[in-house]
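# Close look at the chain arrangement
Residues per chain are reported as follows:
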Amino acid sequence: MSHNGYITEEEIAGEDGPLAGKTVAVKDNISTEGVRTTCGSAMLEEYVPPYDATVVDNLLDAGATIPGKTNMDEFGMGTTTETSAFGPVENPAAPGHVPGGSSGGSAAVVAAGDADLALGTDTGGSVRCPAAFCGVVGIKPTYGLVSRYGLIAYANSLEQIGPIAPTVEDAAELLEVIAGPDERDGTTHDARDHGTDYEFAAAADGDVEGLEIGVPTELLDGAEDTVVEQFWAAVEELEEQGASYHEVSLPSLEHAVEAYYVIAMSEASSNLARFDGVRYGKSGGYDGNWNESFARSREEGFGEEVKRRILLGTYALSAGYQDKYYKKAQDARAWVQQDFDEAFEDADVLASPTMPITPFEMGESLDDPLKMYLADANTTPVNLANLPAISVPVGDDSGLPVGLQIVGQSFGEKQIIRAGSALA
Ligand code: GLN
(Lines give C-alpha, C1' and ligand atoms only; values in the text may rest on other atoms or scores of the structure.)
Protein backbone atom coordinates (compact mmCIF):
# COMPACT_ATOMS: atom_id res chain seq x y z
CA MET A 1 0.00 0.00 0.00
CA SER A 2 1.31 3.47 -0.79
CA HIS A 3 1.75 5.89 2.07
CA ASN A 4 2.76 8.67 -0.33
CA GLY A 5 6.22 8.67 1.26
CA TYR A 6 8.03 9.49 -1.99
CA ILE A 7 7.64 12.58 -4.15
CA THR A 8 9.98 11.19 -6.82
CA GLU A 9 10.97 7.53 -7.18
CA GLU A 10 14.10 7.48 -9.27
CA GLU A 11 17.07 5.29 -8.45
CA ILE A 12 20.57 6.73 -8.08
CA ALA A 13 23.14 3.96 -7.74
CA GLY A 14 26.32 4.39 -5.71
CA GLU A 15 29.84 2.98 -5.97
CA ASP A 16 30.99 0.33 -3.52
CA GLY A 17 31.51 0.66 0.22
CA PRO A 18 30.09 0.09 3.68
CA LEU A 19 26.51 0.82 2.57
CA ALA A 20 26.62 -1.40 -0.55
CA GLY A 21 23.32 -3.23 -0.99
CA LYS A 22 21.46 -0.74 1.22
CA THR A 23 18.83 1.74 0.08
CA VAL A 24 18.90 5.21 1.63
CA ALA A 25 15.93 7.47 0.83
CA VAL A 26 16.71 11.20 0.78
CA LYS A 27 14.44 14.03 1.92
CA ASP A 28 13.38 16.24 -0.95
CA ASN A 29 15.10 19.40 0.31
CA ILE A 30 18.55 17.80 -0.20
CA SER A 31 19.97 18.44 -3.69
CA THR A 32 20.45 15.51 -6.08
CA GLU A 33 22.14 16.22 -9.42
CA GLY A 34 19.74 15.56 -12.30
CA VAL A 35 16.88 14.43 -10.03
CA ARG A 36 14.24 17.03 -9.17
CA THR A 37 14.29 18.44 -5.67
CA THR A 38 11.02 20.12 -4.72
CA CYS A 39 11.10 20.86 -0.97
CA GLY A 40 7.49 19.65 -1.01
CA SER A 41 6.56 22.91 -2.76
CA ALA A 42 4.76 23.81 -5.99
CA MET A 43 7.36 26.60 -6.22
CA LEU A 44 10.09 24.03 -7.00
CA GLU A 45 7.92 21.42 -8.74
CA GLU A 46 10.23 21.40 -11.76
CA TYR A 47 13.56 22.32 -10.15
CA VAL A 48 16.42 19.96 -11.07
CA PRO A 49 19.65 20.76 -9.19
CA PRO A 50 22.90 20.87 -11.20
CA TYR A 51 24.93 19.37 -8.31
CA ASP A 52 24.77 16.89 -5.43
CA ALA A 53 24.67 17.86 -1.76
CA THR A 54 27.77 16.75 0.16
CA VAL A 55 25.73 14.13 2.07
CA VAL A 56 24.54 12.68 -1.24
CA ASP A 57 28.18 12.43 -2.41
CA ASN A 58 28.93 10.69 0.90
CA LEU A 59 26.09 8.17 0.39
CA LEU A 60 27.12 7.33 -3.17
CA ASP A 61 30.80 7.02 -2.19
CA ALA A 62 29.72 4.61 0.56
CA GLY A 63 27.94 2.41 -1.99
CA ALA A 64 24.34 3.21 -1.04
CA THR A 65 21.51 3.22 -3.56
CA ILE A 66 19.12 6.17 -3.33
CA PRO A 67 15.64 4.85 -4.23
CA GLY A 68 13.99 8.28 -4.34
CA LYS A 69 13.23 11.62 -2.77
CA THR A 70 10.89 11.69 0.19
CA ASN A 71 7.78 13.72 0.89
CA MET A 72 7.97 16.51 3.46
CA ASP A 73 6.19 19.53 4.85
CA GLU A 74 6.66 22.42 2.42
CA PHE A 75 10.20 23.80 2.97
CA GLY A 76 10.33 21.82 6.24
CA MET A 77 7.60 23.90 7.83
CA GLY A 78 5.30 21.62 9.76
CA THR A 79 5.02 18.77 12.23
CA THR A 80 2.72 16.43 10.30
CA THR A 81 3.83 16.33 6.61
CA GLU A 82 0.39 17.66 5.70
CA THR A 83 1.66 21.00 4.35
CA SER A 84 3.29 19.25 1.35
CA ALA A 85 2.09 20.38 -2.08
CA PHE A 86 2.28 16.69 -3.05
CA GLY A 87 -0.37 15.51 -0.59
CA PRO A 88 -0.10 14.15 2.96
CA VAL A 89 1.79 11.01 4.04
CA GLU A 90 0.02 8.33 6.04
CA ASN A 91 1.80 6.80 9.04
CA PRO A 92 2.48 3.12 8.21
CA ALA A 93 2.77 2.32 11.92
CA ALA A 94 -0.54 3.98 12.79
CA PRO A 95 -2.98 4.04 9.84
CA GLY A 96 -5.23 7.11 9.71
CA HIS A 97 -2.64 9.14 11.61
CA VAL A 98 0.10 11.54 10.51
CA PRO A 99 3.71 10.31 10.35
CA GLY A 100 5.01 13.47 12.06
CA GLY A 101 7.06 16.05 10.26
CA SER A 102 8.62 17.61 8.55
CA SER A 103 10.63 14.54 7.44
CA GLY A 104 7.47 12.41 7.50
CA GLY A 105 8.18 10.75 4.14
CA SER A 106 11.65 9.64 5.29
CA ALA A 107 10.35 8.05 8.51
CA ALA A 108 7.36 6.49 6.72
CA VAL A 109 9.41 4.74 4.02
CA VAL A 110 11.72 3.29 6.69
CA ALA A 111 8.80 2.19 8.90
CA ALA A 112 7.06 0.60 5.90
CA GLY A 113 10.25 -1.18 4.79
CA ASP A 114 10.30 0.71 1.47
CA ALA A 115 13.87 1.87 2.19
CA ASP A 116 16.46 0.46 4.59
CA LEU A 117 17.48 3.88 5.87
CA ALA A 118 16.71 7.55 5.19
CA LEU A 119 18.01 11.07 5.61
CA GLY A 120 15.87 13.80 7.10
CA THR A 121 16.57 17.33 8.28
CA ASP A 122 15.92 18.66 11.76
CA THR A 123 15.43 22.40 12.32
CA GLY A 124 13.19 22.09 15.36
CA GLY A 125 12.50 18.37 15.59
CA SER A 126 11.87 17.22 12.04
CA VAL A 127 13.97 14.06 12.31
CA ARG A 128 13.04 13.16 15.88
CA CYS A 129 9.28 13.82 15.64
CA PRO A 130 8.62 11.58 12.62
CA ALA A 131 10.95 8.93 14.05
CA ALA A 132 8.91 8.95 17.28
CA PHE A 133 5.53 8.93 15.50
CA CYS A 134 6.53 6.09 13.12
CA GLY A 135 8.24 3.91 15.74
CA VAL A 136 11.78 4.19 14.30
CA VAL A 137 15.09 5.79 15.36
CA GLY A 138 16.20 9.33 14.42
CA ILE A 139 19.31 11.34 15.27
CA LYS A 140 19.68 15.14 15.21
CA PRO A 141 23.47 15.71 15.19
CA THR A 142 25.38 18.49 16.96
CA TYR A 143 25.26 21.69 14.89
CA GLY A 144 28.28 21.54 12.59
CA LEU A 145 28.85 17.76 12.60
CA VAL A 146 27.22 17.21 9.17
CA SER A 147 27.63 19.39 6.08
CA ARG A 148 24.60 21.35 4.91
CA TYR A 149 26.08 22.10 1.49
CA GLY A 150 23.30 21.42 -1.01
CA LEU A 151 20.53 21.54 1.59
CA ILE A 152 17.88 24.07 0.57
CA ALA A 153 17.80 26.22 3.69
CA TYR A 154 14.82 26.81 5.97
CA ALA A 155 16.53 28.26 9.10
CA ASN A 156 20.31 27.96 8.80
CA SER A 157 21.29 28.60 12.41
CA LEU A 158 19.14 25.70 13.63
CA GLU A 159 19.16 22.89 11.11
CA GLN A 160 21.15 19.71 10.63
CA ILE A 161 20.77 16.70 8.34
CA GLY A 162 20.27 13.48 10.31
CA PRO A 163 19.70 9.72 9.85
CA ILE A 164 16.47 7.74 10.30
CA ALA A 165 16.71 3.93 10.69
CA PRO A 166 15.03 0.89 12.23
CA THR A 167 17.72 0.50 14.92
CA VAL A 168 20.16 2.74 16.77
CA GLU A 169 23.12 0.87 15.30
CA ASP A 170 21.87 1.38 11.72
CA ALA A 171 21.29 5.09 12.39
CA ALA A 172 24.79 5.39 13.87
CA GLU A 173 26.33 3.68 10.85
CA LEU A 174 24.60 6.13 8.52
CA LEU A 175 25.71 9.07 10.68
CA GLU A 176 29.28 7.82 10.37
CA VAL A 177 28.98 8.06 6.57
CA ILE A 178 27.61 11.63 6.45
CA ALA A 179 29.55 13.26 9.35
CA GLY A 180 32.74 15.26 8.94
CA PRO A 181 34.06 18.70 8.05
CA ASP A 182 33.37 20.11 4.58
CA GLU A 183 35.24 23.04 3.04
CA ARG A 184 32.02 23.93 1.19
CA ASP A 185 30.16 24.51 4.50
CA GLY A 186 32.04 26.90 6.79
CA THR A 187 29.86 25.98 9.79
CA THR A 188 31.16 22.39 9.91
CA HIS A 189 33.65 21.25 12.54
CA ASP A 190 35.96 18.27 12.83
CA ALA A 191 34.67 16.19 15.75
CA ARG A 192 38.28 15.29 16.55
CA ASP A 193 38.87 18.91 17.57
CA HIS A 194 36.13 18.36 20.16
CA GLY A 195 37.63 15.36 21.91
CA THR A 196 35.83 12.58 20.05
CA ASP A 197 36.09 10.42 16.91
CA TYR A 198 33.68 9.17 14.25
CA GLU A 199 33.27 5.55 15.47
CA PHE A 200 29.53 5.99 16.00
CA ALA A 201 28.35 2.47 15.06
CA ALA A 202 30.81 0.89 17.51
CA ALA A 203 29.33 3.08 20.26
CA ALA A 204 25.98 1.26 19.91
CA ASP A 205 27.01 -1.30 22.53
CA GLY A 206 24.10 -0.75 24.95
CA ASP A 207 26.42 -0.15 27.91
CA VAL A 208 24.68 2.26 30.30
CA GLU A 209 26.42 1.11 33.49
CA GLY A 210 27.05 4.23 35.63
CA LEU A 211 25.23 6.59 33.22
CA GLU A 212 23.63 9.57 35.02
CA ILE A 213 20.40 10.77 33.37
CA GLY A 214 18.85 14.17 34.09
CA VAL A 215 15.09 14.46 33.53
CA PRO A 216 13.95 18.07 32.89
CA THR A 217 10.61 18.37 34.64
CA GLU A 218 9.46 21.11 32.25
CA LEU A 219 9.44 18.55 29.41
CA LEU A 220 7.05 16.25 31.29
CA ASP A 221 4.61 18.92 32.44
CA GLY A 222 2.66 19.37 29.22
CA ALA A 223 2.84 15.74 28.07
CA GLU A 224 -0.12 13.35 27.81
CA ASP A 225 -0.42 10.84 30.66
CA THR A 226 0.09 7.78 28.49
CA VAL A 227 3.25 9.29 26.99
CA VAL A 228 4.60 10.04 30.48
CA GLU A 229 3.86 6.45 31.57
CA GLN A 230 5.79 5.03 28.62
CA PHE A 231 8.61 7.47 29.31
CA TRP A 232 9.06 6.34 32.93
CA ALA A 233 8.88 2.69 31.91
CA ALA A 234 11.82 3.31 29.54
CA VAL A 235 13.80 5.17 32.22
CA GLU A 236 13.21 2.20 34.56
CA GLU A 237 14.52 -0.13 31.89
CA LEU A 238 17.70 1.96 31.70
CA GLU A 239 17.93 1.89 35.49
CA GLU A 240 17.73 -1.90 35.49
CA GLN A 241 20.70 -1.91 33.12
CA GLY A 242 22.84 0.18 35.49
CA ALA A 243 21.91 3.81 34.80
CA SER A 244 20.52 6.19 37.41
CA TYR A 245 18.43 9.34 37.08
CA HIS A 246 17.48 12.56 38.86
CA GLU A 247 14.93 15.25 38.06
CA VAL A 248 16.21 18.70 37.16
CA SER A 249 14.54 22.03 36.41
CA LEU A 250 15.44 24.09 33.30
CA PRO A 251 13.05 27.07 33.57
CA SER A 252 14.03 28.54 30.18
CA LEU A 253 12.58 25.50 28.38
CA GLU A 254 9.06 26.81 28.94
CA HIS A 255 9.88 29.65 26.54
CA ALA A 256 11.94 27.70 24.03
CA VAL A 257 9.19 26.96 21.54
CA GLU A 258 8.25 30.66 21.33
CA ALA A 259 11.86 31.70 20.81
CA TYR A 260 12.31 28.94 18.23
CA TYR A 261 9.36 30.08 16.11
CA VAL A 262 10.48 33.72 16.08
CA ILE A 263 14.02 32.75 15.01
CA ALA A 264 12.94 30.06 12.53
CA MET A 265 10.35 32.31 10.85
CA SER A 266 12.78 35.24 10.70
CA GLU A 267 15.45 33.16 9.01
CA ALA A 268 12.85 31.58 6.71
CA SER A 269 11.54 34.96 5.55
CA SER A 270 15.06 35.89 4.49
CA ASN A 271 15.93 32.51 2.92
CA LEU A 272 12.74 32.29 0.92
CA ALA A 273 13.24 35.71 -0.68
CA ARG A 274 15.20 34.02 -3.49
CA PHE A 275 12.06 32.31 -4.77
CA ASP A 276 10.63 35.01 -7.02
CA GLY A 277 10.17 33.16 -10.31
CA VAL A 278 13.28 34.79 -11.79
CA ARG A 279 16.21 33.59 -9.74
CA TYR A 280 14.43 30.45 -8.55
CA GLY A 281 10.96 28.99 -8.68
CA LYS A 282 7.79 29.00 -10.69
CA SER A 283 7.61 31.91 -13.11
CA GLY A 284 5.03 34.57 -12.39
CA GLY A 285 5.04 35.70 -16.06
CA TYR A 286 5.83 39.28 -17.09
CA ASP A 287 3.49 41.93 -18.42
CA GLY A 288 5.48 45.08 -17.80
CA ASN A 289 5.57 45.09 -13.98
CA TRP A 290 8.16 43.04 -12.09
CA ASN A 291 6.52 43.58 -8.69
CA GLU A 292 3.38 41.92 -9.98
CA SER A 293 5.41 39.15 -11.54
CA PHE A 294 7.16 38.36 -8.22
CA ALA A 295 3.87 38.56 -6.34
CA ARG A 296 2.16 36.13 -8.74
CA SER A 297 5.05 33.68 -8.50
CA ARG A 298 4.89 33.68 -4.69
CA GLU A 299 1.09 33.71 -4.56
CA GLU A 300 0.91 30.59 -6.72
CA GLY A 301 4.11 28.86 -5.66
CA PHE A 302 3.84 28.94 -1.86
CA GLY A 303 1.26 27.21 0.34
CA GLU A 304 -0.60 28.70 3.28
CA GLU A 305 1.83 27.69 6.07
CA VAL A 306 4.85 29.03 4.17
CA LYS A 307 3.08 32.35 3.51
CA ARG A 308 2.11 32.63 7.17
CA ARG A 309 5.74 32.20 8.22
CA ILE A 310 7.16 34.63 5.66
CA LEU A 311 4.70 37.27 6.89
CA LEU A 312 5.40 36.65 10.59
CA GLY A 313 9.18 36.45 10.03
CA THR A 314 9.22 39.68 8.04
CA TYR A 315 7.22 41.33 10.79
CA ALA A 316 9.57 40.09 13.54
CA LEU A 317 12.56 41.51 11.64
CA SER A 318 10.98 44.82 10.66
CA ALA A 319 12.34 48.15 11.90
CA GLY A 320 10.76 49.02 15.23
CA TYR A 321 9.87 45.42 16.08
CA GLN A 322 13.25 43.76 15.75
CA ASP A 323 14.29 44.43 19.35
CA LYS A 324 10.92 43.36 20.68
CA TYR A 325 10.83 39.99 18.90
CA TYR A 326 13.99 38.85 17.13
CA LYS A 327 16.46 40.17 19.68
CA LYS A 328 14.38 38.91 22.59
CA ALA A 329 14.26 35.46 21.01
CA GLN A 330 18.07 35.51 20.69
CA ASP A 331 18.30 36.33 24.42
CA ALA A 332 15.99 33.41 25.19
CA ARG A 333 18.21 31.19 23.01
CA ALA A 334 21.25 32.14 25.11
CA TRP A 335 19.27 31.39 28.28
CA VAL A 336 18.32 27.92 26.98
CA GLN A 337 21.98 27.22 26.18
CA GLN A 338 23.02 28.29 29.67
CA ASP A 339 20.35 26.09 31.32
CA PHE A 340 21.57 23.06 29.36
CA ASP A 341 25.20 23.78 30.33
CA GLU A 342 24.22 23.84 33.99
CA ALA A 343 22.14 20.65 33.74
CA PHE A 344 25.12 18.84 32.22
CA GLU A 345 27.22 19.63 35.29
CA ASP A 346 25.37 16.80 37.07
CA ALA A 347 24.19 14.61 34.19
CA ASP A 348 25.79 12.72 31.29
CA VAL A 349 22.61 12.93 29.19
CA LEU A 350 19.10 14.35 29.56
CA ALA A 351 15.94 12.40 28.75
CA SER A 352 12.33 13.32 27.95
CA PRO A 353 9.46 12.14 25.80
CA THR A 354 10.36 13.10 22.20
CA MET A 355 6.84 14.38 21.56
CA PRO A 356 4.40 15.32 24.35
CA ILE A 357 1.59 13.65 22.39
CA THR A 358 0.89 10.58 20.26
CA PRO A 359 0.40 11.08 16.48
CA PHE A 360 -2.45 13.40 15.44
CA GLU A 361 -5.22 11.95 13.32
CA MET A 362 -4.85 13.05 9.71
CA GLY A 363 -6.43 16.49 9.23
CA GLU A 364 -6.67 17.16 12.98
CA SER A 365 -4.08 19.94 13.33
CA LEU A 366 -4.34 21.62 9.93
CA ASP A 367 -6.75 24.34 11.03
CA ASP A 368 -4.91 25.03 14.26
CA PRO A 369 -1.29 26.06 13.63
CA LEU A 370 -0.72 26.95 17.29
CA LYS A 371 -1.57 23.40 18.37
CA MET A 372 0.95 22.14 15.82
CA TYR A 373 3.66 24.57 17.00
CA LEU A 374 3.20 23.61 20.67
CA ALA A 375 3.79 19.94 19.83
CA ASP A 376 7.46 20.96 19.23
CA ALA A 377 7.99 21.96 22.89
CA ASN A 378 10.43 19.12 23.65
CA THR A 379 12.44 19.05 20.44
CA THR A 380 13.05 22.77 19.70
CA PRO A 381 15.22 23.50 22.81
CA VAL A 382 17.84 21.09 21.46
CA ASN A 383 18.20 23.04 18.20
CA LEU A 384 18.38 26.35 20.05
CA ALA A 385 21.29 24.91 22.05
CA ASN A 386 23.02 23.27 19.02
CA LEU A 387 23.09 19.91 20.85
CA PRO A 388 22.78 16.31 19.60
CA ALA A 389 19.70 14.20 20.41
CA ILE A 390 18.30 10.81 19.49
CA SER A 391 14.73 9.54 19.47
CA VAL A 392 14.24 5.83 20.14
CA PRO A 393 10.93 3.93 20.07
CA VAL A 394 9.87 2.83 23.55
CA GLY A 395 6.49 1.24 23.03
CA ASP A 396 3.05 2.35 22.05
CA ASP A 397 -0.26 3.51 23.36
CA SER A 398 -2.96 1.34 21.71
CA GLY A 399 -0.96 1.15 18.51
CA LEU A 400 0.28 4.77 18.56
CA PRO A 401 4.10 4.82 18.85
CA VAL A 402 5.89 6.74 21.63
CA GLY A 403 9.50 7.92 21.42
CA LEU A 404 12.11 8.67 24.08
CA GLN A 405 14.45 11.61 23.43
CA ILE A 406 18.01 11.46 24.80
CA VAL A 407 19.94 14.74 24.59
CA GLY A 408 23.74 14.80 24.70
CA GLN A 409 26.44 17.39 25.23
CA SER A 410 27.98 19.13 22.26
CA PHE A 411 29.67 16.46 20.06
CA GLY A 412 28.42 13.83 22.54
CA GLU A 413 26.90 11.66 19.78
CA LYS A 414 28.60 8.50 21.07
CA GLN A 415 27.06 8.94 24.51
CA ILE A 416 23.47 9.26 23.19
CA ILE A 417 24.01 6.37 20.74
CA ARG A 418 25.29 4.20 23.58
CA ALA A 419 22.31 5.09 25.79
CA GLY A 420 19.77 4.72 22.99
CA SER A 421 21.13 1.33 21.96
CA ALA A 422 20.24 -0.04 25.40
CA LEU A 423 16.60 0.34 24.31
CA ALA A 424 16.44 -0.12 20.51
N1 GLN B 1 7.88 21.57 13.30
C2 GLN B 1 8.94 22.52 13.30
C3 GLN B 1 8.65 23.62 12.34
O4 GLN B 1 7.64 23.54 11.70
C5 GLN B 1 10.24 21.85 12.97
C6 GLN B 1 10.46 21.70 11.53
C7 GLN B 1 11.81 21.17 11.18
O8 GLN B 1 12.57 20.70 12.03
N9 GLN B 1 12.14 21.31 9.91
O10 GLN B 1 9.36 24.56 12.19
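First, a word on what this report is: a plain description of the structure on this page. (Residues numbered from 1 in each chain as written. Predicted model: local features only at pLDDT ≥ 70, side-chain atom pairs only at ≥ 80, totals over all residues. Heavy atoms only, no water.)

To continue, consider the sheet that holds strand β9 (residues 212–216). Taken in spatial order, the 11 strands line up as β1-β5-β3-β6-β8-β7-β12-β13-β11-β9-β10 in an open sheet, and their pairing is mixed. Every other strand in the sheet has two partners, leaving β1 (6–8) and β10 (244–248) as the edge strands with one partner each. As judged from the three bridges shared by strand β7 (residues 137–140) and strand β12 (residues 389–397), these two strands associate in the antiparallel manner. Across the sheet, residue Ile139 finds its bridge partner in β12, namely Ile390. The strands touched by helix α2 (residues 104–111) are β1, β3 (24–27), β5 (69–70), β6 (117–122) and β8 (160–165); relative to β6, the strand with the most contacts, the crossing angle is about 155 degrees. (Pairing = 2+ DSSP bridges. Helix = DSSP H or I, 4+ residues; strand = E, 2+ residues; numbered from the N terminus. Contact = heavy atoms within 4.5 Å. Axes fitted to C-alpha atoms, helices over the stretch in contact; angles between N-to-C directions.)

At a minimum axis separation of 9 Å, helix α7 (residues 256–271) and helix α10 (residues 323–343) run at an interaxial angle of 130 degrees. Between α7 and α10, the angle falls in the class oblique. In this structure, α7 meets α10 at a crossing whose hand is left-handed. Every residue of α10 that contacts α7 at Ala256, Ala259, Val262, Ile263 and Ser266 is listed here: Tyr325, Tyr326, Ala329, Gln330, Ala332, Arg333 and Val336. Looking at side-chain class alone, the contact of α7 with α10 contains nine nonpolar, two polar and one charged residues. (Parallel < 35°, antiparallel > 145°, perpendicular 65-115°, else oblique. Left-handed = near helix turned anticlockwise from the far one by under 90°. Nonpolar A, V, L, I, M, F, W, Y, C, P; charged D, E, K, R; others polar.)

Our focus in this paragraph is the environment of Tyr198. Turning to its location among the elements, Tyr198 is positioned in the loop between α4 (168–178) and β9. Along the primary structure Tyr198 and Glu176 are separated by 22 residues, whereas in three dimensions their C-alpha atoms are 6.0 Å apart. A polar contact of 3.0 Å, which involves the side chain of Tyr198, links it to the side chain of Asp190. (Polar contact = N/O pair within 3.5 Å; in protein donor to acceptor, adjacent residues only side chain to side chain.)

What follows deals with the environment of Val227. Considering the arrangement of structural elements, one finds Val227 in helix α6 (residues 225–240). A residue is classified by how much of its surface remains accessible, and Val227, at 1% relative accessible area, is buried. A sequence separation of 125 residues divides Val227 from Ser352, and the C-alpha atoms of the two residues are 10.0 Å apart. Contacts of Val227, omitting those with residues within four sequence positions, involve Pro353, Met355, Pro356, Ile357, Thr358 and Val402. (Buried < 20%, exposed > 50% of the residue type's maximum accessible area, 1.4 Å probe, protein only.)

Once that is clear, we can look at the packing of aromatic side chains. Summed over all chains, the structure comprises 17 aromatic pairs. Between the aromatic rings of Phe231 and Trp232, the centroid separation amounts to 5.0 Å while the plane-to-plane angle is 65 degrees, which identifies the pairing as edge-to-face. Within the aromatic cluster, the residues linked to one another by ring pairs are Tyr47, Phe75, Phe275, Tyr280 and Phe302. (Phe/Tyr/Trp six-rings, centres within 6.5 Å; stacked < 30°, edge-to-face > 60°.)

Okay, helix α8 (residues 290–301) next. When the terminal C-alpha atoms of α8 are compared, their 16 Å separation across 12 residues agrees well with the 16 Å that a helix rising 1.5 Å per residue should span. Listing the buried residues of α8 in full gives Ser293, Ser297 and Gly301. Seen along its axis, α8 keeps its buried residues to an arc of 45 degrees; they face one direction. In α8, those exposed residues whose orientation departs by more than 90 degrees from the buried face are Asn291 and Glu299. (Expected span 1.5 Å × (residues − 1). Arc of directions from axis to C-beta.)

Before going further, it helps to spend a moment on the pattern of salt bridges. Evaluated as defined, the whole model comprises 14 salt bridges. Where Asp122 meets Arg128, a salt bridge forms, and the shortest distance between an N and an O atom there is 2.8 Å. For Asp122, a relative accessible area of 0% translates into the label buried. Owing to a relative accessible area of 0%, Arg128 belongs among the buried residues under this scheme. (Salt bridge = Lys/Arg side-chain N within 4 Å of Asp/Glu carboxyl O.)

A few words now on empty space enclosed by the protein. For the structure shown, the criterion picks out three cavities of 30 Å³ or more. Put simply, the largest cavity is a space of about 80 Å³. For the largest cavity, the lining is made up of 14 residues, of which Gly78, Thr79, Ser126, Tyr260 and Asp376 are closest to its centre. For the lining of the largest cavity, the class distribution of residues is three nonpolar, nine polar and two charged. Per-class residue counts for the lining of the second largest cavity are five nonpolar, five polar and two charged. (1 Å grid on protein atoms, 1.4 Å probe; cavity = no way out; pocket = protein on both sides within 12 Å on 5 of 7 lines; lining within 4 Å. Points joined across faces, edges and corners; volume = space filled by probe spheres on them.)

Another aspect to go through is the site of the ligand. What surrounds the ligand is a group of 15 residues, the closest being Thr123, Gly124, Ser126, Tyr154 and Tyr260. The contact in question runs from a nitrogen atom of the ligand to an N or O atom on the side chain of Thr79, over 2.8 Å. At a separation of 2.7 Å, an oxygen atom of the ligand approaches a polar backbone atom of Gly124. Against a free-state accessible area of 290 Å², the protein chains account for coverage of 99% of the ligand. Classifying every residue of the shell around the ligand gives four nonpolar, eight polar and three charged. (Near = heavy atom within 4 Å. Areas by Shrake-Rupley, 256 points an atom, 1.4 Å probe, with all protein chains shown as cover.)

Purely spatial values, then, with no claim about function.
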